[in-house]
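What the coordinates show
Read off the chains here:
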Amino acid sequence: MTKPRTVSKGVCELCQAIVARSAISRHVAKCLKMRPAAEPTVVTELLHVVAEADPYWLHIDVPMRAPLSELDGLLRNIWLECCYHLSAFTIGGTNYSRQPDTYYGDKPLSVAIGSVLRPGDRCRYRYDFGSTTELSIRVVGTRTGQSNDARLLARNVAPVVTCERCQNPAAFVETNRMVCICDACREKQEFSVEGGDVLPLVNSPRTGVCCYASNG
Ligand SMILES: [Zn+2]
Ligand SMILES: [Zn+2]
Ligand SMILES: [Zn+2]
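Anyway, here's the lowdown on the structure attached to this text. Per-chain numbering applies: the sequence of each chain, read as written, is numbered from 1 onward. Chains carry letters from A onward and ligands carry numbers from 1 onward, assigned in written order. Thresholds applied to this predicted model are a pLDDT of at least 70 for local features of residues and 80 or more for the giving and counting of side-chain atom pairs; totals over whole chains, interfaces and linings are not thresholded and use all residues. Note that the side-chain values use all heavy atoms of the structure and ignore hydrogens as well as water.

**So, the side chain of Glu52**
Locating Glu52 in the fold gives a position in strand β3 (residues 44-53). As used in this structure description, the phrase polar contact means that two N or O atoms lie within 3.5 Å; if the pair is within protein, one of them must be able to donate a hydrogen and the other to accept it, and residues adjacent in sequence are counted only when both atoms belong to side chains. Within the structure, Glu52 has its side chain in polar contact with the side chain of Arg21 (distance 2.7 Å). Residue contacts are defined here by distance: any two heavy atoms, one from each residue, within 4.5 Å place the two residues in contact. Excluding residues that lie within four positions of it along the chain, Glu52 makes contacts with Arg21, Trp57, Trp79, Glu134, Leu135, Ser136 and Arg138. Under the DSSP-based scheme used, a helix requires at least four consecutive residues in state H or I and a strand at least two consecutive residues in state E, with every element numbered from the N terminus.

**Points about the pairing of strand β6 (residues 94-97)**
Judged from the 4 bridges that link them, strand β5 (residues 87-91) and β6 form a sheet pairing that is antiparallel. When the bridges of β6 are listed, Ile91 appears paired with Thr94. Connecting β5 to the next strand, β6, in antiparallel fashion are 2 residues, including Gly92 with a positive phi near 55°. Two strands pair when backbone bridges link them, and β6 and strand β7 (residues 107-108) are joined in this way by 2 bridges, in the parallel orientation. Pairing of Ser97 across the sheet is with Pro108, part of β7. A pair of strands is considered paired only if DSSP assigns at least 2 bridges between the two.

**Quick notes on the sheet that holds strand β8 (residues 122-127)**
Read from one edge to the other, the open sheet built from 10 strands follows the order β2-β1-β10-β4-β3-β9-β8-β5-β6-β7, with strand pairing classed as mixed. Since the sheet does not close on itself, it has two edges, and those belong to β2 (18-20) and β7, each with one partner. Across 3 bridges, strand β1 (residues 9-12) lies against β2 in antiparallel orientation. Within the sheet, the bridge partner assigned to Gly10 lies in β2 and is Val19. Along the sheet, helix α1 (residues 24-33) contacts β1, β2, β3, β4 (56-63), β9 (133-145) and β10 (151-156); its crossing angle with β10, the most-contacted strand, is approximately 140°. Interaxial angles span 0 to 180 degrees and are taken between N-to-C directions of axes, which are lines fitted to C-alpha atoms, for helices over the stretch in contact.

**So, the packing of aromatic side chains**
Stacked, edge-to-face and tilted are the three classes for Phe, Tyr and Trp ring pairs, Trp counted by its six-membered ring, which pair at centre distances within 6.5 Å; planes under 30 degrees apart are stacked, over 60 edge-to-face, the rest tilted. Inspection of every chain in the model, using the stated rule, returns 2 aromatic pairs. Ring geometry for Tyr103 against Tyr104: centres 5.1 Å apart, planes inclined by 90°, an arrangement best described as edge-to-face. Directly above the aromatic system of Phe172 lies the positively charged group of Arg186, at a separation of 4.4 Å from the ring centroid. Comment: the charge-over-ring label is applied if NZ (Lys) or CZ (Arg) is within 6 Å of the ring centre and within 35 degrees of the ring normal.

**A short note on the coordination of the zinc ion (ligand 1)**
Here the term donor refers to an N, O or S atom within 2.8 Å of the metal (or 3.2 Å for Na, K and Ca), and because water is left out of the atoms, sites may appear incomplete. Note on the zinc ion (ligand 1): its protein donors are Cys12 (SG), Cys15 (SG), His27 (NE2) and Cys31 (SG). The metal-donor distances range over 2.1 to 2.3 Å. Donor angles set the geometry label: tetrahedral for four donors if every angle is between 85 and 135 degrees, square planar for four and octahedral for six if opposite donors exceed 155 degrees and the others are between 65 and 115, irregular for anything else. Coordination geometry of the zinc ion (ligand 1): the 4 donor atoms subtend angles of 103 to 116° at the metal centre, consistent with an arrangement described as tetrahedral.

**Observations concerning helix α2 (residues 68-80)**
Among the 13 residues that make up α2, 10 are buried, leaving the element largely enclosed by the rest of the structure. Of the positions making up α2, those classed as buried are Leu68, Leu71, Asp72, Gly73, Leu74, Leu75, Arg76, Ile78, Trp79 and Leu80. Each residue gets one of three labels from its accessible area relative to the maximum for its type: buried under 20%, exposed over 50%, partly exposed in between, using a 1.4 Å probe on protein chains only.

**Quick word on the side chain of His48**
Counting through the fold element by element, His48 comes out in strand β3. In terms of polar contacts, His48 uses its side chain to reach the side chain of Arg143, at 2.9 Å. With residues near it in sequence (within four places) discarded, His48 still touches Ser25, His59, Ile60, Asp61, Arg138, Val139, Val140, Gly141, Arg143 and Leu153.

**Some remarks on the coordination of the zinc ion (ligand 3)**
Note on the zinc ion (ligand 3): its protein donors are Cys163 (SG), Cys166 (SG), Cys182 (SG) and Cys185 (SG). The metal-donor distances range over 2.3 Å. Metal-centred angles of 103 to 117° between the 4 donor atoms at the zinc ion (ligand 3) mark the site as tetrahedral. Mapping the donors of the zinc ion (ligand 3) onto the primary sequence gives the spacing C-x2-C-x15-C-x2-C. Note that Cys166 is positioned in the loop between β10 and β11 (172-174) and Cys185 in helix α4 (residues 183-188), a separation of 19 residues in sequence.

Just geometry here; none of it tells us what the structure is for.
See below:
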């Protein structure tokens, strides 16, 4: 698969504006201030985190007291879930996972995110220990907000991937060789190889991996 270049633009999930990647944090902060909650709710301390797997990226707000499983769940929903694989965060040499191996000092995902991550911190996240999708996560700041759940603030616009046969935008990916192809070329010729599947090309670092097809 020809790796798309880093996507320099993203969509604000609050107002749907297309914003330069370098300005997205500032835009989201302003956008949130202009949208007070409809009904008064409890004010929560939030961590603003960025999840990246070049060229894909997400900006997310997570309540500090929320467990790591909250962020794990959001990442699965938006980017990763195909068939309920295991996943883990690696923070400062410790693995936090759904099925922690205590022999190796692993910890559960029930720990509060604010107790293990601070602004400026980075950590690694892996989904599926077979065909692994690895993300880099960094905490870019804190803010107060009304949300009690992790929420998506912004994401990269879908990268343009060209069809290997005709150079039009591709719509599918063949999982064995990671060849990307457009709708028309797919209809014209048989292009899946033995043992491979043809999956829709989606805006996620898991596109073309395992049986990943959705893009929540
Ligand atoms: Zn906005
Ligand atoms: Zn899978
Ligand atoms: Zn084509």
